[in-house]
Amino acid sequence: ADWRYIRRCAAVASPSGLPLVGNGDVSSFKDYERHMRGGTLATCMIGRGALIKPWVLTEIKERRVWDISASERLAIFGDFARHGLEHWGSDERGV
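Here goes a summary of the coordinates provided. All of these numbers come straight from a predicted model, not from anything done at the bench. (Residues numbered from 1 in each chain as written. Predicted model: local features only at pLDDT ≥ 70, side-chain atom pairs only at ≥ 80, totals over all residues. Heavy atoms only, no water.)

Here the focus is the pattern of salt bridges. As enumerated under the stated definition, the model contains eight salt bridges in all. The salt bridge involving R48 is made with D25; its shortest N-O contact spans 3.9 Å. Taken together, the residues span a long stretch of sequence, with R48 in helix α3 (residues 48–52) and D25 in the loop between β1 (21–23) and α2 (29–36) at a distance of 23 residues. Classification of R48 by relative accessible area gives exposed; the value is 59%. Residue classification places D25 among the partly exposed residues on the basis of a relative accessible area of 41%. The salt bridge involving K53 is made with E59; its shortest N-O contact spans 3.3 Å. Residue E59 is classed as buried on the basis of its relative accessible area of 2%. In this structure, a network of salt bridges that share partners links the residues D79, R82 and E86. (Salt bridge = Lys/Arg side-chain N within 4 Å of Asp/Glu carboxyl O. Helix = DSSP H or I, 4+ residues; strand = E, 2+ residues; numbered from the N terminus. Buried < 20%, exposed > 50% of the residue type's maximum accessible area, 1.4 Å probe, protein only.)

Among the nonpolar cores identified, the biggest contains eleven residues, and these are W3, I6, A10, V26, Y32, M36, L41, C44, A50, V56 and I60. With three residues, helix α1 (residues 3–13) is the largest single contributor of residues to this core. Those residues within four positions of M36 in sequence are excluded, and the remaining contacts are L41, A42, T43 and C44. (Core = buried A, V, L, I, M, F, W, Y, C linked by side-chain atoms within 4.5 Å. Contact = heavy atoms within 4.5 Å.)

Below, the discussion takes up the side chain of D31. By the secondary structure assignment, D31 is in helix α2. You can call D31 buried: its relative accessible area is 13%. A polar atom in the side chain of D31 sits 3.1 Å from the side chain of R34. Aside from chain neighbours lying at most four places away, what touches D31 is D25 and V26. (Polar contact = N/O pair within 3.5 Å; in protein donor to acceptor, adjacent residues only side chain to side chain.)

Written as structure tokens, this is what we have:
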């Protein structure tokens, strides 16, 4: 993501009251805080970072780094897969 460009856009949009959402390369609480520091963004969109590290949303909400064990990580990914199967089901090619 080009965060320099996003910050420029946010600075232009801010005086009008238009909320701007930054997007890209947010994979930790520290990334989120760094991007929000300027005060001109409404928030940051979390996409790929949440797919790679689903607990990043908890880190952001609780404003801390959450260093979890391998078994905790596996449990989170297991829940993610189970919820996906419950919501979308499986297809002819497999899960």
